[in-house]
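# Observations on the model geometry
What follows is the residue order along each chain.
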Amino acid sequence: LEASKLSTITLESANEAREAGNVAFKARDWQLALQSYTAAIAANGADFRSYGNRAAALLEMAKASEANAEKRLLFKRGLEDSCRCTALDPTFEKGYYRSALCQMGLKDFPRALIAVKDGLKKCSTSRVLRQLGAELKKCGVKDSIANPFVGSARWMQMQCKIAEGCPTQECAWCRVLLPIPLDAYCLHCACDPKGSGVGELAAKYGVEWVTTT
């Protein structure tokens, strides 16, 4: 009886914290929302809603940040929460959508498209996922993966060339500096570095990085 009562109290505490987070989120107080959702997760780590909502708060914080290093960290944390959310509830449309936006924020457009496709397998009628997927495809994004850490030796070789002063060119997609001549695909984002890039798509969804001069 006592265990059951404690469980009920814990769940109530988690729900209260999540609702407090929702109020803070609507007021655009991202930090308070983050704290509230974190408290909700601490009380009940099995509720997909708290992870999904915390991912949304982290995504908004990343969009608002003016420091690229902080943006990257927040997008990464948002991605982790989005993945936890869809692992707990594979039918939660917003989890896949936020995962895709976080991947875009991390400049990994192929994985963003993969997140969209994974979501459509479970949420086949989702209009937002279909729209984002269509926009990514229109830019030329393919769902192939190239991880720079898998080809770490090649990556280090490229960085050494850059350090030695060889000519460089930014990848059209992720803006990582690459030595000339360019390879057929970028080791960072897997896209053709000479392609058209995402253009204004990242800016449209608010996940572009700060331009440094």
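Residues numbered from 1 in each chain as written. Predicted model: local features only at pLDDT ≥ 70, side-chain atom pairs only at ≥ 80, totals over all residues. Heavy atoms only, no water.

## Here we look at the confidence of the model for the chain
Per-residue pLDDT for the chain averages 87, and the proportion of residues at 70 or more is 90%. Predicted confidence is poor over residues 1-6, with pLDDT under 50, and the contacts of this stretch with residues over four places away or in other chains come to 0 contacts. (pLDDT = per-residue confidence, 0-100. Contact = heavy atoms within 4.5 Å.)

## Observations concerning the nonpolar core
Among the nonpolar cores identified, the biggest contains 43 residues, and Met104, Leu132, Leu136, Trp173 and Val207 are the most heavily contacted of them. Within the residue set of this core, elements represented by two or more residues are α2 (30-43), α3 (48-64), α4 (68-88), α5 (93-105), α6 (109-122), α7 (127-139) and α9 (201-204). Residues within four places of tryptophan 173 in sequence aside, it is in contact with Phe109, Cys139, Gly140, Val141, Cys189, Cys191, Asp192, Gly195, Gly197 and Val198. (Core = buried A, V, L, I, M, F, W, Y, C linked by side-chain atoms within 4.5 Å. Buried < 20%, exposed > 50% of the residue type's maximum accessible area, 1.4 Å probe, protein only. Helix = DSSP H or I, 4+ residues; strand = E, 2+ residues; numbered from the N terminus.)

## Structural notes on the environment of leucine 11
Summarising the element assignment, leucine 11 is placed in helix α1 (residues 2-26). Residues leucine 11 and aspartate 47, spaced 36 residues apart in sequence, show a C-alpha to C-alpha distance of 9.6 Å.

## A word on the packing of aromatic side chains
The geometry of an aromatic ring pair comes down to the distance between the two centres and the angle between the two planes. Overall, the coordinates contain 2 aromatic pairs when judged by the stated rule. Taken together, a centroid distance of 5.0 Å and an interplanar angle of 65° make the contact between phenylalanine 48 and phenylalanine 92 edge-to-face. Linking phenylalanine 48 in helix α3 with phenylalanine 92 in the loop between α4 and α5, this pair joins segments that are 44 residues apart in sequence. Residue phenylalanine 48 is classed as partly exposed on the basis of its relative accessible area, which comes to 22%. In this structure, lysine 107 is placed above the aromatic ring of tryptophan 209, and the distance from its NZ or CZ to the ring centre is 4.0 Å. (Phe/Tyr/Trp six-rings, centres within 6.5 Å; stacked < 30°, edge-to-face > 60°. Lys NZ or Arg CZ within 6 Å of the ring centre and 35° of its normal.)

## Some words on α2
Compared with the 20 Å implied by 1.5 Å per residue over 14 residues, the 20 Å span of α2 between its first and last C-alpha is a close match. For α2, the complete set of buried residues consists of Trp30, Ala33, Leu34, Ser36, Tyr37, Ala40 and Ile41. (Expected span 1.5 Å × (residues − 1).)

## Re the pattern of salt bridges
This model, assessed by the stated rule, comprises 9 salt bridges. Among the ionic pairs, arginine 54 bridges to aspartate 81, the shortest N-O distance being 2.5 Å. You can see arginine 54 sitting in helix α3 and its partner aspartate 81 sitting in helix α4, a full 27 residues away along the chain. Relative accessible area serves as the criterion here: at 2%, aspartate 81 is assigned to the buried category. Residue lysine 63 pairs with glutamate 60 through a salt bridge whose shortest N-O separation is 3.6 Å. Here glutamate 60 and lysine 63 lie together in helix α3, a separation of 3 residues that amounts to about one turn. Residue classification places lysine 63 among the partly exposed residues on the basis of a relative accessible area of 28%. By relative accessible area, glutamate 60 is classed as partly exposed at 22%. Connected through shared salt-bridge partners, Arg18, Glu19, Asp47 and Arg49 make up one network. (Salt bridge = Lys/Arg side-chain N within 4 Å of Asp/Glu carboxyl O.)

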